Amino acid sequence: MQKGKIFVVGFGPGDREHITKRAVDALQQSDHIMGYKTYVELIEHLVTAKTIVSTGMTEEVSRAQEAVKQAEAGHIVAVISSGDAGVYGMAGLVYEVLIEKGWTAKEGIEVEVVPGISAINSCASLLGAPVMHDSCTISLSDHLTPWTVIEKRIEAAAMADFVVAFYNPKSGRRTRQIVEAQRILLKYRSPDTPVGLVKAAYRDTQDIVLTTLEEMLEHDIGMLTTVVVGNSSTFYYDNKIITPRGYQRKYTLGEEKQLLKPHQRLKKEAEPWALDQETGEAKTGYEKIEAIEKKIVEPAAIKTTALQLANEALALVHKETSAVKVEENPFLVQQEVESIFEFAVSPGVANKMITPAQMITMAEVVGERGTMEYTPDHRLLLKVPTDSPQRIVETVEKTGLLVQPVGDVVIVKACDFCYGEKAESIPYAEEIMETLGGIKMPKELHVGFNGCGMACYRAVFDDIGIVYRKKKFDLFIGSKPVGRTAHAAQPVLEGIDPEKLIPLLTEIVADYKENGHPNERFFKYFKRVKKILNFNYVDMSCKIKVEEAPCGD
């Protein structure tokens, strides 16, 4: 079989003139293109791929997984990112998925990361020259990074007088982060500090606003905006934001004759602030970085040295009493990675009763820092900070609770069988759970089971609905369970013999698992392929015209 390949392509801001030739070549060599739907639309005219998969904004992991799957099958795949794929893009995720599968560059599929123009660069070019000195990028999205960590990074960048480019500054749900960022910056910078707001750089909807740190929040800022904040020496000139290169002490702009000739500028006496290459020391007093609201004053008498404080702090972080390792590098900054174990629990397929003892155990497992959330699937979602997930599972299972995986898996739920009075079909429901529950799917797949023809637990509104009736089973598939155009599943087969039920369900699940697109719901898959096994798709949607939701669903 031909060996596949993954291109991770950064296509820059989006217009044709700023996409590199290598990026275009990679896109045109690819059999499959995968990306966020807005980005796919920007490059669709450049590609000839037989398959283009566009997904939503928060579905990056599934894109990476599908790309690896297709490449392992021998295809050439391009995973696209705007800007540079290695800067808040898809490159890292693709490698993470490969590493999980034991990939090596020597034996595994080939991966090529194609660089692109990142937002800080494209936006800076439209603003003038704001990034001429030391700069940094900070994402204000706290979906994957704790806000307390982001806060510290903003504070550090502000104290050190970096030019800062904020990515993902604001969304419909995240509105406070940019306000907090402004507050921190104003501690260390003048309210008049130049700020550039660039939305959709080099696209048709491009919008540029020149403002100040104090007034920046008076303007529209969204997910497509990059916020560029100057440092203490940045200034405005003729509607351009300019940051000097920091050579004011080395030569004077505007003078016809420079006081220092080129060969003199690098002499020690011309740079008294520079690091001495022999002693490793530098003279202080040339820096002018301080908080505007209040100066940081060193206490006159501190008995504990800074080194001791650093050692103690690091010992607490690593839960070590010995400082032997710490002394090797007392200034090392390391963000502790916290493992969060997510799983679902239920009292059983048919049982809906949770005992007080089980509730106490779950509360103890979750603790103060975890969470416990009720879901519509008759189960609880637990998120527990731990490095020992197996111990957690064992503790929970000892109480008789059923532990299940979460995410894009098969989720089996059943009725209460009239509190056990109609128990005849319970073994079949439990066998479905044991056989199919937790299998990884393109999107979470809900299998509903009802123990009698009343179908009171609404199995016919699940992706796959099973109704026990007259000692046999009726099968329904393809409901649209959400939205204003929701509808019941399509009845496809009646009177299925019990011994044929599990093999049939296994075939349906395998078909969807193998051929469904990442994040493609089951009803959308059925509608796209028109046929699953021997069951032809029938449009069950509402025949009355209903206005579509903004997402197009």
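Now for a quick tour of the structure. Quick caveat: nothing in here was measured; it's all calculated off a predicted structure.

What follows is about the sheet that holds strand β3 (residues 51–55). With parallel pairing, five strands are arranged side by side in an open sheet as β3-β2-β4-β1-β5. Two strands lie at the open edges of the sheet, namely β3 and β5 (110–114), each paired on one side alone. Across the sheet, the mean angle from the axis of one strand to that of its neighbour is 15 degrees, orientation sign disregarded. Relative to strand β4 (residues 76–81), strand β2 (residues 32–36) runs parallel, the two being bridged by three bridges. Its bridge partner being in β4, M34 is matched across the sheet by V79. Helix α1 (residues 21–29) rests against β1 (5–10), β2, β4 and β5 of the sheet, and its axis sits at about 140 degrees to β1. Contacts from helix α3 (residues 60–72) reach β1, β2, β3 and β4 within the one sheet, and its direction differs from that of β2 by about 175 degrees.

With that out of the way, let us pick up α1. Listed in full, the buried residues belonging to α1 are A23, V24, A26 and L27. End-on, the buried residues of α1 take up no more than an arc of 160 degrees, which puts them together on one face. Close packing links the buried residues of α1 with β1, β2, α2 (37–43), β4 and β5.

Along helix α4 (residues 91–100), the positions that sit buried rather than exposed are A91, V94, V97 and L98. Buried residues in α4, looked at end-on, bunch into an arc of 135 degrees, giving them a common side. Those residues of α4 that are exposed and angled more than 90 degrees off the buried face are E96, I99 and E100. Contacts made by the buried residues of α4 are with β1, α3, β4 and β5. After α4 finishes, the residue G102 shows a positive phi value of roughly 80 degrees.

The next point concerns the packing of helix α11 (residues 426–436) against helix α12 (residues 498–515). Between α11 and α12, the least distance of the axes is 11 Å, while the angle of their chain directions is 30 degrees. In terms of orientation, α11 lies roughly parallel with respect to α12. Along this stretch, α11 crosses α12, giving a crossing that reads as right-handed. Where α11 abuts α12, its residues Y428, E431, I432, T435 and L436 lie against P498, L501, I502, L505, T506 and V509.

In this section: the pairing of strand β7 (residues 135–139). As paired elements, β7 and strand β8 (residues 163–167) share five bridges and run parallel to each other. By the bridge assignment, I138 is partnered in β8 with F166.

Within the secondary structure, V396 is located in helix α10 (residues 389–397). Overall, V396 belongs to the buried group, its relative accessible area being 1%. Once you skip the residues sitting within four places of it in the chain, V396 turns out to touch F343, V345, V365, L401 and V403.

Analysis parameters
- All residue numbers refer to position in the chain's written sequence, counted from 1.
- For this predicted model, a pLDDT threshold of at least 70 governs which residues receive local features, and a threshold of 80 or more governs which side-chain atom pairs are given and counted, while totals over whole chains, interfaces and linings are taken from all residues.
- The side-chain numbers reported here are obtained from all heavy atoms of the structure, hydrogens and water having been left aside.
- For two strands to count as paired, DSSP must find a minimum of two bridges between them.
- The helix count covers DSSP runs of H or I at least four residues long, the strand count covers runs of E at least two residues long, and both are numbered beginning at the N terminus.
- Angles run from 0 to 180 degrees between N-to-C directions of axes, and those axes are lines fitted to C-alpha atoms, restricted for helices to the stretch in contact.
- Any two residues whose heavy atoms approach within 4.5 Å at even a single point are treated as in contact.
- Only protein chains enter the accessibility calculation, which uses a 1.4 Å probe. A residue is then buried if its area is under 20% of the maximum for its type, exposed if over 50%, and partly exposed in between.
- Working definition: the arc comes from the directions between the helix axis and the C-beta atoms, pointing outward to the latter.
- Note on angle classes: values under 35 degrees are labelled roughly parallel, values over 145 roughly antiparallel, values of 65 to 115 roughly perpendicular, and the remainder oblique.
- By definition, any crossing whose near helix is turned counterclockwise from its far helix by less than a right angle is left-handed, and any crossing with a clockwise turn is right-handed.

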